[in-house]
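Summary of the model geometry
Residue strings, one per chain:
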Amino acid sequence: MTGDSIAHYKITGKLGEGGMGSVYRATDTKLNRDVAIKVLPDSFADDPDRLARFTREAQVLASLNHPNIAAIYGVEERALVLELVEGPTLAERIEQGAISIDDAIPIARQIAEALEYAHEKGIIHRDLKPANVKITPEGRVRVLDFGLAKVAQASTSEADPASSPTLTMRATVAGAIMGTPGYMPPEQAKGKPVDRRADIWAFGVVLAEMLSGSPLYQAETVSETLAAVLLKEPDLSRLPAATPAAIRTLIRRCLDRDPLRRLRDIGEARVTLEQPHQPETPSAEPPAARRRPWGWVAAGMLAAALAASLYFRPAEERRLIRFTVPLPENTTIRAIPIPAISPDGRRLAFVAALGGEFTIWIRDLDTLAARSLPGTSGASAPFWSPDSRFIGFFAGGSLKKIDAGGGGAVTLCNAGTLRGASWSKSGVILFAPVAGGLLRVPQEGGTPQPATVLPPGSGENSHRYPWFLPDGRHFLYYSRNYDSQKSALYVGDLASGERRRVTAAQSDGVYAPPGYLLYLRDRALVAQPFDAGRAQVTGDVVPLAENVGFMGPDGRAPFSASATGVLAYMAGLGGEHAQLTWFERSGKVLGSVGPPGGMQWPAISPDGKTVAVDRMDDHTSSWDVWLHDLARGATSRLTFDSKISEYPVWSPDGSYIAFHSNRDGAFKIYRKAANGAGPEELLDAADRRADDWSHDGRYLIEESGISSSEFANDLWVLPLDGDRKPFPYLATRARERWGRVSPDGRWLAYSSMEGDRFEVYVTTFLDRDAARGPKPGGKWQVSTNGGDLPVWSRDGKELFFRGGYAGEIMAVAIKPGDRFEPGLPKPLFKAVMAPGGSIRFDVGPDGRFLIPIEPELSGPVPITIMLNWDAGLKR
């Protein structure tokens with residue numbers, strides 16, 4: 001802020017902002033002079049590696065002492081103190097129109113002198129453009145921002161980013177694009193390693209733009225600009241007629257698409273610019289040509305034939321272009337971050353964490369680095385508004401939106417856990433809660449209304465991942481069925497509520513112009529011709545990419561498409577996998593249980609020797625209950641079925657396990673001997689799930705509304721003796737779930753949404769006269785700032801729960817006595833649980849926490865971008 005100080009430099013104003021930080025005007029209070037200070041992003045503050053590279057860059061910049069290069073005065077932690085150059089940028093001059101030849105040549109000559117000096121030092125600018133050139137009031141040129149430079153070291157591997165002195169990003173890795181699309185040579189646009197010839201190309205573009213007064217390579221979208229750089233010869237027809245022949249030749253040589261034929265040294269350009277009007281030496285005319293007029297006739301006929309071939313040549317064929325975008329350095333991503341490309345194809349949004357905090361990051365495809373978007377802490381599932389201005393996302397149990405350019409986030413409505421959303425051009429947002437049908441809400445916010453309803457008896461358990469079709473009225477969505485073979489893509493209608501089945505699928509689908517349905521088939525991203533008007537596929541599938549990450553039964557695949565021919569996806573990632581991990585109450589990791597995989601509900605046996613967990617088969621998407629013997633390290637399967645068996649609950653003596661299964665079509669509660677002997681026994685034929693088993697063995701705590709299209713969770717009690725007739729225990733207009741009985745049987749902990757978020761409550765279960773049976777009595781709120789998934793300690797002296805939506809494990813001390821007296825919630829540690837709305841944790845007799853942890857991925861996990869993705873399809 002103005003008035004702040006960095007060392008002895010007092011900030012007096014802000015000059016600008018870019019991908020690598022902000023630039024401020026400041027006063028050097030010791031030397032009483034104005035300076036420019038480039039302050040790096042906050043993400044550099046706690047990163048020793050980046051700070052070390054930053055220092056190396058400062059040393060590189062300090063070695064450049066040239067009148068046409070902005071000087072560096074010093075370095076202060078993560079701030080560069082630079083020469084303050086007054087005057088407009090060359091970009092601002094060009095915006096006013098073409099620069100005369102007499103004025104342009106001195107400017108170009110000074111740029112060439114700066115580059116020549118830097119190249120002799122082994123330094124490449126890599127992002128030369130008019131915006132990085134300033135012209136002082138005296139007409140002196142200063143080339144700015146060598147912060148993207150690369151020190152060319154013959155002994156350094158191009159594949160080793162750590163050896164590069166640049167602080168910006170993995171700039172030397174093949175496949176990573178750095179630079180501004182309209183000024184990068186074809187080899188740089190392809191992500192290949194570059195040398196000084198990249199600066200020579202950019203110099204040619206800058207010189208051409210100065211003389212013509214208009215961009216040489218500029219299209220409506222970034223993808224089209226990159227395609228023009230890669231495919232089209234530069235159009236020099238806009239150069240003034242008076243441009244000297246030597247300058248035209250120089251520009252052509254700078255812009256030769258073949259680096260081997262391009263101008264070899266910027267010093268040659270300087271020499272040409274020193275004598276720009278010197279005529280080119282004409283080749284000697286053969287005497288025979290002067291004597292034989294038919295030679296001119298033949299030449300004319302050849303020219304006419306060439307002109308005809310050019311005139312009648314078909315338009316240049318669109319080509320598929322594929323490159324990768326690396327994630328920001330030192331960030332981690334969740335199991336599969338969904339890359340959301342904006343509708344105009346210019347920007348990419350994704351969720352990543354730096355320092356443990358997950359936020360939305362935005363990468364403008366015409367810039368060099370991604371930026372974290374303030375106000376999006378804890379965000380997931382980003383999606384774009386149709387005008388590419390706003391980003392919608394889920395955080396803290398709410399659906400929110402934020403201007404992609406910055407500003408505060410606006411809460412639109414309560415949304416629970418979001419499983420996809422889409423924004424129509426008519427201002428309607430469709431979103432998918434964790435269960436049930438899709439909901440709709442105006443883009444200004446309001447009360448969500450149903451958009452789809454689960455058909456009774458269909459086996460559909462949720463509608464997910466909507467995607468609006470071009471008319472803004474119809475939309476694609478993924479219908480997940482308990483029978484995975486019946487999961488499919490549908491098209492719904494906002495106006496009539498009608499729907500039409502499109503095709504069987506195991507992932508969400510995306511519509512992409514000019515008329516294709518994109519989805520996953522056997523982990524391959526495929527395109528299939530699709531008639532949006534008739535809501536039906538019209539041709540065979542064509543594979544686009546192999547081994548694309550997949551969220552398993554969740555149905556989400558990491559890809560998105562723009563309306564302009566840009567496709568973004570991530571390949572080589574696993575599915576919806578988690579790792580059962582032991583934690584101390586301090587948060588220290590103590591070890592893991594079993595292999596990683598899809599899982600939801602770990603349950604530790606009463607004696608603490610065995611863990612039961614429901615695991616997914618990656619190939620069939622079916623679920624079964626598995627047992628992990630902690631002493632011997634052995635793993636065995638308890639249930640065997642092609643359908644779903646999930647949510648294991650131990651009996652208090654450890655002899656049985658109750659579970660939830662649809663093996664007979666509808667979901668019911670069964671139990672089976674923990675040693676695997678004997679058949680399963682049906683306990684309750686109603687569609688409810690067992691949450692807990694009372695410690696006297698007499699009651700199951702059940703939860704209803706598991707497969708309902710409405711949020712109608714209630715808690716029931718199933719007596720395991722007598723007539724075994726279940727009865728509602730907590731059934732209100734609020735959502736009651738995750739019922740857990742205290743070890744002494746006195747209390748029932750549960751979570752309930754009575755407002756806009758879940759909180760943990762406790763009510764009575766059995767009083768002193770246990771013979772009267774369970775009966776709710778008092779009610780105490782335990783959590784104070786959101787809470788869910790309550791779990792009792794084995795001695796009943798503490799109650800644990802997940803705090804809000806931040807993944808923090810909280811503890812509340814329970815005072816012994818006849819009255820329920822909870823203490824204040826205290827945070828223990830933070831753990832990022834694996835994807836899925838039904839994930840929960842357990843606590844063993846020894847006080848250790850067992851949590852299915854979402855794997856975090858770091859390192860070179862790139863996002864692949866395909867431009868003109870449909871150009872590679874066989875037509």
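The structure presented is a predicted model; accordingly, all values stated were derived computationally and were not measured.

Here we have 4 strands laid out as an open sheet, ordered β37-β36-β60-β59, and antiparallel in their pairing. Where the open sheet ends on each side, the last strands, each with one partner, are β37 (589–597) and β59 (842–843). In this sheet, strand β60 (residues 849–853) lies alongside β59 in antiparallel orientation, the contact comprising 2 bridges. Its bridge partner being in β60, D842 is matched across the sheet by L850.

Here the focus is unusual backbone geometry. Only a minority of non-glycine residues have a phi that is not negative, and only a minority of peptide bonds are not trans. In this structure, the amide linkage connecting P513 to the following residue, P514, adopts the cis form with an omega of 10 degrees. Within the element layout of this structure, P514 appears in the loop between β29 (510–512) and β30 (516–521). We note that N32 has phi near 55 degrees; this positive angle belongs to a residue other than glycine. Locating N32 in the fold gives a position in the loop between β3 (21–28) and β4 (33–39). Overall, N32 belongs to the exposed group, its relative accessible area being 67%. Despite not being glycine, A381 shows a phi value in the positive range, around 55 degrees. With respect to the secondary-structure elements, A381 resides in strand β17 (residues 380–384).

On to helix α8 (residues 266–274). Three or more residues of α8 are buried, namely I266, G267, A269 and L273. Each buried residue of α8 sits inside an arc of 155 degrees when the element is viewed along its axis, so together they form one side. On its buried face, α8 is in contact with α3 (101–120), α5 (196–212) and α7 (245–254). Regarding α8, its N-cap is D265, as a side-chain oxygen of that residue lies 2.6 Å from the backbone nitrogen of G267 further along.

Below, the discussion takes up the packing of aromatic side chains. The full count for this structure, using the stated rule, is 21 aromatic pairs. Measuring from centroid to centroid gives 5.8 Å for F475 and Y477, while their planes differ by 35 degrees, and the two rings are tilted. On the basis of relative accessibility, which here comes to 0%, the residue F475 falls in the buried class. Taking NZ or CZ as reference, R663 lies 5.4 Å from the ring centre of Y670, over its face. R737 extends its terminal NZ or CZ atom over the ring of F758, reaching a point 3.9 Å from the ring centre.

Further remarks concern the pairing of strand β5 (residues 72–76). As judged from the 4 bridges shared by β5 and strand β6 (residues 79–83), these two strands associate in the antiparallel manner. Counterpart to I72 in the pairing with β6 is L82. Here β5 hands over to β6 after 2 residues, with E77 in that stretch at a positive phi of 50 degrees.

Mapped onto the elements, T89 comes out in the loop between β6 and α2 (90–95). T89 sits in the buried class, given a relative accessible area of 14%. The residues contacting T89, other than those within four sequence positions of it, are P130, A131, V133 and K134.

What follows concerns the confidence of the model for the protein. The pLDDT averaged across the protein works out to 81; a share of 81% of its residues lies at or above 70. Here residues 280–316 scores under 50 on pLDDT; set against residues more than four positions off or in separate chains, the count is 6 contacts.

Attention shifts here to the packing of α7 against α8. With their axes 10 Å apart at the nearest point, α7 and α8 run at an angle of 165 degrees to one another. Classified by the angle between their axes, α7 and α8 sit roughly antiparallel to one another. Both α7 and α8 take part in a crossing whose hand is left-handed. From α7, A246, I247, L250 and R253 reach across to α8, where they touch E268, A269, T272 and L273. A per-class count over the contact of α7 with α8 returns 5 nonpolar, 1 polar and 2 charged.

What follows covers the side chain of S22. Inspection of the secondary structure assignment puts S22 in strand β3. Not counting residues up to four positions away in its chain, the partners in contact with S22 are K14, G16, E17, I37, K38 and V39.

For the structure on display, the rule yields 36 salt bridges. With a closest N to O distance of 2.6 Å, D195 and R197 form a salt bridge. The class for D195 is partly exposed, based on a relative accessible area of 28%. The network of salt bridges with shared partners includes R25, D34 and E86.

Read across the open sheet, the 4 strands follow the order β38-β39-β40-β41; overall the sheet is antiparallel. With one partner strand each, in any of the chains shown, β38 (603–604) and β41 (635–637) form the two edges of the open sheet. Looking at chain direction, β38 and strand β39 (residues 610–616) are connected through 2 bridges and run antiparallel. The residue bridging I604 from the neighbouring strand is V611, located in β39.

Let's shift gears to the packing of α3 against α5. At a minimum axis separation of 10 Å, α3 and α5 run at an interaxial angle of 170 degrees. As the angle between them shows, α3 and α5 are arranged roughly antiparallel. Contacts between α3 and α5 involve I101, A104, I107, A108, I111, A112, L115 and H119 from the former and R196, D199, F203, V206, L207, M210 and L211 from the latter. Partitioning the contact of α3 with α5 into residue classes produces 12 nonpolar, 1 polar and 2 charged.

Thresholds applied
- Residues numbered from 1 in each chain as written.
- Predicted model: local features only at pLDDT ≥ 70, side-chain atom pairs only at ≥ 80, totals over all residues.
- Heavy atoms only, no water.
- Pairing = 2+ DSSP bridges.
- Helix = DSSP H or I, 4+ residues; strand = E, 2+ residues; numbered from the N terminus.
- Buried < 20%, exposed > 50% of the residue type's maximum accessible area, 1.4 Å probe, protein only.
- Arc of directions from axis to C-beta.
- Contact = heavy atoms within 4.5 Å.
- Polar contact = N/O pair within 3.5 Å; in protein donor to acceptor, adjacent residues only side chain to side chain.
- Phe/Tyr/Trp six-rings, centres within 6.5 Å; stacked < 30°, edge-to-face > 60°.
- Lys NZ or Arg CZ within 6 Å of the ring centre and 35° of its normal.
- pLDDT = per-residue confidence, 0-100.
- Axes fitted to C-alpha atoms, helices over the stretch in contact; angles between N-to-C directions.
- Parallel < 35°, antiparallel > 145°, perpendicular 65-115°, else oblique.
- Left-handed = near helix turned anticlockwise from the far one by under 90°.
- Nonpolar A, V, L, I, M, F, W, Y, C, P; charged D, E, K, R; others polar.
- Salt bridge = Lys/Arg side-chain N within 4 Å of Asp/Glu carboxyl O.

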